[in-house]
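Chains, contacts and geometry: an overview
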Amino acid sequence: MNATVATAVFAAFMLLTVVLGLLALRGRVAGGGLTEWSVGGRSLGTVFIWVLMAGESYTSFSYLGAAGWGYNFGAPVLYVVAYMSCGYAVGYVVGPMLWAYARRHGLVGITDIVAHRYRRPWLGAAVAVLATVCLLPYIQLQITGMGVVVSTLSYGTISLNWAYFIGFAVTTGFVVVSGLRGSAWVSVLKDILVVVTLGFLAVYVPLHYFGGYGPFLDRLVAEKPEWLTFPGHASHGLGQTWFVTTTVINSLTVVIFPTTVAGYLGARDADALRRNAMYLPFYNVLLFVPMLLGLAALFVVPGLTGADSNLALFKLVVDSLPAWAVGVIGAAAALSSIVPMAVFMLVIGTMWGRSVLGAVPRLASRQKLWAQVVVVVAGALALALTYTAPNTLVRLSLISYEGMAQLVPMLLLGLVWRRLTMYAAVSGLAAGFTVVCVLVFGGHDPVRGVNAGIVGLAVNVVVALAVTWLGPRERGDDRPDAEVLALDDEFPRAGDAAGAAGAGSGTAEATGTR
């Protein structure tokens with residue numbers, strides 16, 4: 001009976017999710033082009049940008065993974081709050097810059113930006129492949145998280161393997177139909193559920209199991225003190241140095257993450273991005289809740305190891321709440337998987353539909369179709385990885401960020417420094433990514449307490465600068481700086497003539513390559 005009630009409540013919210021995705025398409029041109037599907041027609045206002053970009057804060061990783069890492073290690077998980085808050089500060093500058101540059105030139109993603117900056121379409125295609133490799137673990141992360149949710153709220157009636165497939169099927173169908181605009185609409189429902197359920201659990205769990213926060217924290221200090229200081233419990237080197245270097249690398253990387261950039265480019269104007277950069281750090285306060293719940297689970301459900309630690313929060317929920325409440329909290333956690341997973345899959349589809357398959361003349365007229373096909377393929381690959389190479393949610397997140405960090409010099413440095421050549425950018429990227437792969441897959445991350453991603457980024461920058469100064473010069477690029485770089489005058493406010501001109505040229509270019 002419990003399984004039936006919880007699953008029915010969960011199914012009702014999934015149905016509501018599909019309805020919201022379809023409602024988001026009302027009033028839109030039937031079969032709209034790639035720009036409408038991938039960046040919401042560049043028309044999302046402050047509220048939708050807020051909830052869409054807040055999806056970067058609340059995913060399976062933070063809802064379940066943060067509790068799991070709090071359960072396993074303790075203090076090191078606080079890096080999540082640190083890097084997200086610092087990333088929003090960096091995004092205050094970078095977001096409007098990328099928005100204006102893409103709008104002016106009719107671009108729909110980081111692969112477009114790279115191809116335009118360096119005048120090499122093949123480079124955009126190569127970045128699409130590299131970014132896909134780095135994003136697949138993140139899609140796997142969301143599938144894993146939703147699988148845990150579905151299996152647990154069904155009280156084991158639905159096996160974990162079937163739960164993974166359900167997560168893949170629901171999200172794939174959702175994103176193929178509704179695109180970025182549908183994800184923004186569903187994000188509203190997700191955020192309401194997340195705020196309500198985490199707020200409730202923050203009060204309920206300490207009172208129910210410990211008699212309040214005082215007794216809970218007293219017991220934690222007395223029995224589990226190693227979870228409260230760096231490097232945490234049995235974390236194998238995740239100390240202060242790791243915390244600082246991981247915060248730095250992730251705060252730089254999150255602003256050029258393809259999903260973040262998709263949110264930037266969907267904005268109606270740059271001011272919406274600036275406002276969100278100021279307000280979103282307050283939203284991160286809720287991240288402390290799953291971390292504390294993970295610590296509480298140490299006493300309530302001891303003995304979880306490996307990937308099973310992802311179950312820490314939900315074990316508490318299923319153990320103490322009625323079935324209908326389990327269904328509601330399960331829906332909140334599932335939507336925390338669906339929304340970001342949809343955006344990740346959409347971004348991969350857009351990159352391939354625009355920069356890889358769309359770059360083939362015979363296929364260029366059907367970019368949106370190819371993007372939707374790639375969404376299905378990418379989701380299926382991530383599902384296969386979930387079955388064959390499971391891992392803890394936070395480990396998957398770190399691998400994605402360490403790889404994506406190597407695109408920071410090519411993208412951001414290249415947009416503000418004309419002298420950075422294509423040869424230098426590619427050489428740095430290759431060197432940095434190689435270092436990260438050797439360290440991560442060789443079992444040397446962190447390196448003497450330092451995040452492997454920042455080691456790779458340091459090598460990346462050194463190589464890029466060396467090749468810029470000592471390597472071959474690019475010739476024949478006589479474009480003015482305003483065409484190549486993201487200059488200060490490329491930040492038009494809503495209603496400015498420059499903004500209107502940029503919107504017009506962007507729309508014309510985008511609609512010409514559907």
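Source: prediction; values computed, not measured. Counting starts from 1 at the beginning of each chain's written sequence and moves along it residue by residue. With the structure being a predicted model, the display of local features is reserved for residues of pLDDT at least 70 and the display and counting of side-chain atom pairs for 80 or more, all residues being used for whole-chain, interface and lining totals. Computation of side-chain values: all heavy atoms of the structure, hydrogens and water removed.

1. Focus: the overall build of the protein chain
Counted only if it meets this: Going along the chain from the N terminus, every DSSP run of H or I of four or more residues is numbered as a helix, and every run of E of two or more is numbered as a strand. With a 1.4 Å probe rolled over the protein chains alone, any residue whose accessible area is under 20% of its type maximum counts as buried; one over 50% counts as exposed, and the rest are partly exposed. Whether two residues are in contact is decided by their heavy atoms: any pair within 4.5 Å suffices. With residues, only the protein chains shown are counted as cover, and all accessible areas are computed by Shrake-Rupley using a 1.4 Å probe.
Along the backbone of the protein chain there are 22 helices and zero strands. Taking all 514 residues of the protein chain together, the buried fraction comes to 59%. Taking contacts inside the protein chain between residues at least 6 apart in sequence as the whole, the part at least 24 apart equals 85%. Within the structure as shown, the protein chain displays about 18,700 Å² of accessible surface, and the carbon and sulfur contribution to it stands at 69%.

2. Considerations on the pattern of salt bridges
To be explicit about the condition: The term salt bridge refers to a pairing of a side-chain nitrogen on Lys or Arg with a carboxyl oxygen on Asp or Glu at a separation within 4 Å.
In this structure the tally under the stated criterion is eight salt bridges. In this structure, Arg479 and Asp477 form a salt bridge, with 2.9 Å as the shortest nitrogen-oxygen distance. Looking at Asp477, the relative accessible area reads 27%, which means it is partly exposed.

3. Details of the packing of aromatic side chains
Stated formally: Classification of ring pairs rests on two measures: the distance between centres of Phe, Tyr or Trp rings, Trp counted by its six-membered ring, which must be within 6.5 Å, and the angle between planes, read as stacked under 30 degrees, edge-to-face over 60 and tilted in between. Two limits define a charge over a ring: the Lys NZ or Arg CZ must be within 6 Å of the ring centre, and within 35 degrees of the ring normal.
Going through the model one piece at a time under the given rule, you end up with 18 aromatic pairs. Seen in terms of ring centroids, Tyr79 and Trp242 are 5.3 Å apart; in terms of plane orientation they differ by 70°. Their pairing is edge-to-face. One end of the pair, Tyr79, is in helix H5 (residues 79-105); the other, Trp242, is in helix H10 (residues 240-254), and 163 residues separate them in sequence. With relative accessibility at 3%, the residue Trp242 sits in the buried group. These aromatic residues form a ring-pair network of at least three members: Trp69, Phe73, Tyr79, Tyr83, Trp242, Phe257, Phe344 and Tyr401. Positioned over the ring face of Tyr118 is Arg117, at 4.5 Å from the centre of the ring.

4. Considerations on helix H6 (residues 110-118)
For H6, the buried fraction is high: nine of the nine residues fall into the buried class. Taken as a whole, H6 has its buried residues at Ile110, Thr111, Asp112, Ile113, Val114, Ala115, His116, Arg117 and Tyr118. Backbone geometry just after H6 places Arg119 at a positive phi near 55°.

5. As for the nonpolar core
Filter applied, for reference: Put simply, a nonpolar core is a bunch of buried Ala, Val, Leu, Ile, Met, Phe, Trp, Tyr and Cys residues held in one set by side-chain atoms that sit within 4.5 Å of each other.
With 146 residues, the main nonpolar core has Ile139, Leu407 and Met410 as its most contacted residues. Take this core: its biggest share by element is 21 residues, from helix H15 (residues 323-356). Residues within four places of Leu407 in sequence aside, it is in contact with Ile110, Val127, Leu130, Ile256 and Leu429.

6. Remarks on the state of the cysteines
Put simply, the test is: Whenever a pair of cysteine sulfur atoms sits within 2.5 Å, that pair is classed as a disulfide.
Evaluation of the coordinates by the stated rule reveals zero disulfides. Lacking any disulfide linkage, Cys134 is separated from the closest cysteine sulfur, that of Cys437, by 7.8 Å. The exposure class of Cys437 is partly exposed, given its relative accessible area of 26%.

7. A word on the environment of Ala486
For Ala486, the location among the structural elements is in the loop between helix H21 (481-484) and helix H22 (497-511). In this structure Ala486 comes out as buried when scored by relative accessible area, which is 9%. Sequence-wise, Ala486 and Leu415 are 71 residues apart; in three dimensions their C-alpha atoms are separated by 5.4 Å. Sequence-distant contacts of Ala486, defined by excluding residues within four places in its chain, comprise Met97, Tyr101 and Leu415.

8. Side note on helix H11 (residues 258-265)
Along H11, eight of the eight residues are buried, which leaves the element largely enclosed by surrounding structure. All of the buried residues along H11 are Pro258, Thr259, Thr260, Val261, Ala262, Gly263, Tyr264 and Leu265.

9. Here's the deal with a nonpolar patch on the surface
Put simply, the rule is: The patches described consist of residues with a relative accessible area above 30% and no salt bridge, like charges being joined within 9 Å and nonpolar side chains (Val, Leu, Ile, Met, Phe, Trp, Tyr) within 5 Å.
A surface patch of nonpolar side chains, amounting to about 540 Å² of accessible area, comprises Tyr92, Val93, Met278, Tyr279 and Phe282. Taken together, the elements giving at least two residues each to the nonpolar patch come down to H5 and helix H12 (270-283). Broken down by element, the nonpolar patch gets its largest block of residues, three residues, from H12. Here Val93 lies in helix H5. Val93 sits in the exposed class, given a relative accessible area of 52%.

10. Re the packing of H15 against helix H16 (residues 367-388)
Our working definition: Here an angle of 0 to 180 degrees is reported between the N-to-C directions of two axes, which are lines fitted to C-alpha atoms, with helices fitted over the stretch in contact. Every angle not falling under 35 degrees, over 145, or within 65 to 115 is termed oblique; those three ranges are roughly parallel, roughly antiparallel and roughly perpendicular. Put simply, a crossing is left-handed when the front helix is turned counterclockwise from the back one by less than a right angle, and right-handed when it is turned clockwise.
Axis separation between H15 and H16 bottoms out at 7 Å; the angle between their running directions is 130°. Considering the angle they form, H15 stands oblique to H16. Relative to H16, H15 is oriented so that their crossing is right-handed. Residues Met345, Leu346, Ile348, Gly349, Thr350, Trp352, Gly353 and Arg354 of H15 form the contact with H16, whose own contacting residues are Gln367, Trp370, Ala371, Val374, Val375, Ala378 and Gly379.

11. Overview of the confidence of the model for the protein chain
Heads up, the condition is: pLDDT runs from 0 to 100 and stands for how confident the predictor is about each residue.
Per-residue pLDDT for the protein chain has a mean of 83; in total, 85% of the residues score no lower than 70. Contacts for the low-pLDDT stretch residues 489-514, under 50 throughout, to residues beyond four places or in other chains number 40 contacts.

12. Section: the packing of H6 against H15
Quick note on the threshold: Under the scheme applied here, ten amino acids are nonpolar (Ala, Val, Leu, Ile, Met, Phe, Trp, Tyr, Cys and Pro), four are charged (Asp, Glu, Lys and Arg), and all others, including Gly, are polar.
Running from amino to carboxyl end, H6 crosses H15 at an angle of 30°, the nearest separation of the two axes being 8 Å. Considering the angle they form, H6 stands roughly parallel to H15. The segment H6 lies against H15, with Ile110, Thr111 and Asp112 engaging Met351, Arg354 and Ser355. Grouping the amino acids of the contact of H6 with H15 by side-chain chemistry returns two nonpolar, two polar and two charged.

13. Things to note about unusual backbone geometry
What you tend to see is this: most non-glycine residues have negative phi, and most peptide bonds are trans. Residue Pro231 follows Phe230 across a cis peptide bond; omega there is 5°. Looking at the secondary structure, you find Pro231 in the loop between helix H9 (213-223) and H10. With an omega of 5°, the peptide bond running from Asp445 to Pro446 counts as cis. With respect to the helices and strands, Pro446 occurs in the loop between helix H19 (422-441) and helix H20 (452-470). One non-glycine residue, Tyr155, lies in the positive phi region at around 55°. With respect to the helices and strands, the residue Tyr155 is situated in the loop between helix H7 (121-153) and helix H8 (160-210). Under the relative-accessibility criterion, Tyr155 is labelled partly exposed at 30%. Here the phi dihedral of His236 falls at roughly 60°; this positive angle occurs in a residue that is not glycine. Relative to the helices and strands, His236 is located in the loop between H9 and H10.

14. Things to note about the environment of Ala272
As for its placement among the helices and strands, Ala272 is situated in helix H12. Residue classification places Ala272 among the buried positions, given a relative accessible area of 1%. Along the sequence, Ala272 and Pro96 sit 176 residues apart, while their C-alpha atoms lie 9.0 Å from each other.

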